[in-house]
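Spelled out from the first residue to the last, the chains are:
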Amino acid sequence: MALVAGVDCSTQSTKIIVCDSATGAVVRQGRAPHPDATEVDPTVWWDALRTASDGLLDGVEAMAVGGQQHGMVTLDADGGVVRPALLWNDTRSARAAIDLLDELGGAQAWADAVGIVPVASFTITKLRWLAENEPDEAKRVERVVLPHDWLTWKLAGASGAPTTDRGDASGTGYWSAATGEYRLDLLRRAFGRDLGVPEVAAPAAIVGHTPDGIALAAGTGDNMAAALGLGAGPGDVVVSLGTSGTVFAVAEVPTADPSGYVANFADATGRFLPLVCTLNAARVLTAAADLLGVDLDRLSDLALASTPGAGGLTLLPYLDGERTPDLPDETGRLTGLTRANARPENLARAAVEGMLLGLADGLDAVRRHGVTVRRALLIGGAAMSPAVRAVASGVLGVPVEVPAPGEYVALGAARQAAWALTGAAEPPQWTVEAERAPEATEDYSGVRDRYAQFRTGVQELSSRSSKS
């Protein structure tokens, strides 16, 4: 039995699983936490990887890293880290995003150039922020890489030049999924001068070896790895409820959305991954539970004791600002509160519905770009909530299946490693078990309409405020 390993370097932790390369069966796994922050010294990830993998990699023949997208890791001429990495959820570059948007001639120009429209999450905006706000550090930067690129390079003994893959590269803002090429002119526009960038490896390439001889596959971004781990195919839309919320599907052709709602990413197989990402997902439930003084299980019970529409309460769950829609300085808002509906169960229900309603908007946006939606695959920590499962199909408007609990980013990275090990034309076929969520019996159209009106009003107010 050949063994392969997959690494998930997420915002919150490093997780590693070791699998049978033929079947995907998990034989052992490890985990180590990360600090809760929006900027992190990359050595934290390296230390966590070493802790999580201690005694785990014996007999492993190949491995790959799935990493949080967009994180800006800056290196000096000697390969040293210049400053802590700015992560995807760091919104300090919101002004830089607006400036870059205007400089190139607007959203359509960016969508045509690289398939995405600048927002604070993307690497290119963080580079502009660095150049403008930390000029001394910026002068030392010779190369920019992403979290998974850096970890793969470290696993290879930090020898040679770092590499990346098309999936993760497509989230930088200076690589085009449609053309498969860097837009170094956009990188220069953002940073003010040329920087070294990693070579984009083929999906099944082996890019190096660890000092112990383990083959290193190219790795990819976390969403691309999750799609690969789930075996997502035509008609499947993945709805992920982790720290962030994401909606994505595998597509055969690229998209270009000038609204910026749908990002045209590449996937980990040579196809495309139209994706909508929100900043607020599982932590909306955690915040609501903390507010009510209950644990997550009790929050779910409370939500199920309420009814669709939460008695008239609507939560706009922008607790950490928001990426989609692009409202980085917005806050969470609750509307419809009366003395009659001011009950814990209604607030719990509004939190569950609000989290899912933002993602339902994302699913609709992906569908508008020609993606056929047969079912939604619900993953992430919040997918384990009985209340989320009960509400999901009604809010999303499609049948929902919940894959068996698993580390799908790490599993996708392991599947990529198995693919690189075999050199086959397609990844190995691994089976993922899934459970059908309850079918909706209630009509959620009024709930969705009320949420849309509230969201639109907040967007218009934010737009007027930014112009004043």
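As the structure is a prediction and not an experimental result, all values here were calculated from the model.

**Regarding the overall build of the protein**
Next up, step 1: Scanning the protein for helices and strands turns up 15 helices and 24 strands.
Next up, step 2: Taken over the C-alpha trace, the protein has a radius of gyration of 21 Å; the compact-globule value for 468 residues is 23 Å, and the two agree within 12%.
Next up, step 3: Considered along the principal axes of its C-alpha atoms, the protein spans approximately 65 × 55 × 40 Å.
Next up, step 4: With 468 residues in all, the protein has 58% of them scored as buried.
Next up, step 5: Look at the contacts in the protein between residues 6 or more apart in sequence, and 73% of them connect residues 24 or more apart.
Next up, step 6: Entry remark: accessible area of the protein is about 17600 Å², with carbon and sulfur atoms responsible for 49%.
Next up, step 7: Of the charged side chains in the protein, 38 are positive and 57 negative, and the gap between their average positions amounts to 4 Å.

**Topic: empty space enclosed by the protein**
Next up, step 1: All chains considered together, the criterion is met by five cavities of 30 Å³ or more.
Next up, step 2: Put simply, the largest cavity is a space of about 80 Å³.
Next up, step 3: In this structure, the largest cavity is lined by 15 residues; those nearest its centre are Thr-278, Tyr-318, Glu-322, Gly-358 and Tyr-451.
Next up, step 4: Looking at the lining of the largest cavity, the elements with two or more residues in it are α12 (344-368) and α15 (445-467).
Next up, step 5: Looking at which element gives the most residues to the lining of the largest cavity, the answer is α12, with five residues.
Next up, step 6: Considering only enclosed or pocket space, the second largest cavity measures out at about 60 Å³ in volume.
Next up, step 7: In terms of lining, the second largest cavity is formed by Val-117, Val-119, Phe-122, Gly-260, Tyr-261, Val-262, Ala-263, Leu-275, Val-276, Cys-277, Arg-323 and Thr-324.
Next up, step 8: The leading source of residues in the lining of the second largest cavity is strand β19 (residues 272-278), at three residues.
Next up, step 9: A breakdown of the residues in the lining of the second largest cavity according to their chemical character gives nine nonpolar, two polar and one charged.

**Re the packing of α12 against helix α13 (residues 386-396)**
Next up, step 1: As a packed pair, α12 and α13 sit with axes 9 Å apart at the nearest point and diverge in direction by 40°. Of the possible angle classes, the one that applies to α12 and α13 is oblique. The two elements α12 and α13 meet at a crossing, and its hand is right-handed. The segment α12 lies against α13, with Arg-349, Val-352, Glu-353, Met-355, Leu-356, Leu-357, Leu-359, Ala-360 and Leu-363 engaging Ala-387, Val-388, Val-391, Ala-392, Val-395 and Leu-396.

**Things to note about the sheet that holds strand β18 (residues 263-266)**
Next up, step 1: Ordered by their spatial adjacency, seven strands build an open sheet running β18-β19-β17-β16-β22-β23-β24, and the pairing between neighbours is mixed. In this open sheet, the two edge strands, each paired with only one partner strand, are β18 and β24 (434-436). When strand polarity is set aside, the average angle formed by the axes of neighbouring strands in this sheet is 30°.
Next up, step 2: Relative to strand β22 (residues 375-379), strand β16 (residues 236-241) runs parallel, the two sharing five bridges. Across the sheet, residue Val-237 finds its bridge partner in β22, namely Ala-376.
Next up, step 3: Sheet strands in contact with α12 are β16, β17 (245-249) and β19, and its direction is about 25° off that of β17.

**Things to note about the pairing of β22**
Next up, step 1: Of all five residues that make up β22, five are buried, and the element is covered over most of its length.
Next up, step 2: Where burial is concerned, the two faces of β22 agree: the one with Arg-375, Leu-377 and Ile-379 and the one with Ala-376 and Leu-378 are both buried.
Next up, step 3: Pairing geometry for β22 and strand β23 (residues 400-403), over two bridges, is parallel. Paired with Leu-377 across the two strands is Glu-401, which belongs to β23.
Next up, step 4: Once you follow β22 into α13 and on to β23, the crossover reads as right-handed.

**Considering the nonpolar core**
Next up, step 1: Ranked by internal contacts, the top residues of the largest apolar core, which has 59 residues, are Val-4, Ile-124, Leu-127, Phe-265 and Leu-273.
Next up, step 2: With nine residues, the top contributor of residues to this core is helix α14 (residues 408-422).
Next up, step 3: Among the nonpolar cores identified, the runner-up in size contains 55 residues, and Val-237, Leu-241, Met-355 and Phe-454 belong to it.

**Topic: the layout of surface pockets**
Next up, step 1: Roughly 1000 Å³ of internal volume is contained in the largest pocket.
Next up, step 2: Lining the largest pocket we find 46 residues, and of these Leu-241, Gly-242, Thr-243, Gly-380 and Gly-381 sit closest to its centre.
Next up, step 3: Broken down by secondary-structure element, the contributors of at least two residues to the lining of the largest pocket are β2 (13-20), α9 (222-230), β16, β17, α10 (282-292), α11 (296-305), β22 and α14.
Next up, step 4: For the lining of the largest pocket, the residue count by class is 20 nonpolar, 18 polar and eight charged.
Next up, step 5: In this structure, the second largest pocket occupies an estimated 760 Å³ of space.
Next up, step 6: What lines the second largest pocket is a set of 27 residues, and nearest its centre among them are Ile-98, Asp-326, Leu-327, Pro-328 and Ser-462.
Next up, step 7: Contributing elements (two or more residues each) for the lining of the second largest pocket: α2 (94-103) and α15.
Next up, step 8: Taken together, the residues of the lining of the second largest pocket sort by class into 14 nonpolar, eight polar and five charged.

**Some details on helix α8 (residues 184-191)**
Next up, step 1: Within α8 the residues assigned to the buried category are Leu-186, Leu-187, Ala-190 and Phe-191. With its buried residues spanning 120° around the axis, α8 presents them on a single face.
Next up, step 2: Against the buried residues of α8 lie α2, α3 (107-114), α4 (123-133) and α5 (135-140).
Next up, step 3: Downstream of α8 by one or two residues, Gly-192 has phi in the positive range, about 95°.

Criteria and thresholds
Along every chain, residues carry numbers that run from 1 in the direction the sequence is written. Given that this is a predicted model, residues contribute local features only at a pLDDT of at least 70 and side-chain atom pairs are listed and counted only at 80 or more, while totals for whole chains, interfaces and linings are drawn from all residues. Side-chain measures here rest on the full set of heavy atoms in the structure, leaving out hydrogens and waters. Each helix is a run of DSSP H or I of at least 4 residues and each strand a run of E of at least 2, with the numbering of both proceeding from the N terminus. The quantity called the radius of gyration is restricted to C-alpha atoms. Its globule counterpart is 2.2 Å times the number of residues to the power 0.38. When a residue's accessible area, from a 1.4 Å probe over protein chains only, is under 20% of the maximum for its type it is buried; when over 50% it is exposed; and in between it is partly exposed. Residue contacts follow a heavy-atom distance rule, with two residues in contact if any of their heavy atoms lie within 4.5 Å. Here, Shrake-Rupley sampling with a 1.4 Å probe gives the accessible areas, and only protein chains in the shown set may cover a residue. In this tally, Lys and Arg are treated as positive and Asp and Glu as negative; His is ignored, and so are the chain termini. For this purpose, a charge sits on NZ of Lys, CZ of Arg, CG of Asp or CD of Glu. Only protein atoms enter the 1 Å grid, on which a cavity is a set of points fitting a 1.4 Å probe that cannot get out and a pocket is an open set with protein on both sides within 12 Å along at least 5 of 7 lines, lining residues being those with an atom within 4 Å of a point. Grid points are joined across faces, edges and corners, and a volume is the space filled by probe spheres set on the points. By the convention adopted, Pro, Cys, Tyr, Trp, Phe, Met, Ile, Leu, Val and Ala count as nonpolar, Lys, Arg, Asp and Glu as charged, and the other residues, Gly among them, as polar. A fitted line through C-alpha atoms serves as each axis, taken over the contacting stretch for helices, and the angle formed by two N-to-C directions is quoted from 0 to 180°. Geometric relationships in this document are graded by angle, where less than 35 degrees denotes roughly parallel, more than 145 denotes roughly antiparallel, 65 to 115 denotes roughly perpendicular, and other angles denote oblique. Take the far helix as the reference: if the near one is turned anticlockwise from it by less than a right angle, the crossing is left-handed, and if turned clockwise, right-handed. Strands were regarded as paired on the criterion that DSSP finds at least two bridges between them. For the handedness criterion, the strands are oriented away from the viewer, and a crossover whose path from the first strand over the helix to the second runs clockwise is classed as right-handed. What is meant by a nonpolar core is a set of buried Ala, Val, Leu, Ile, Met, Phe, Trp, Tyr and Cys residues, joined one to another through side-chain atoms within 4.5 Å. The directions considered for the arc are those from the helix axis to the C-beta atoms.

Read these as spatial facts, not as claims about activity.
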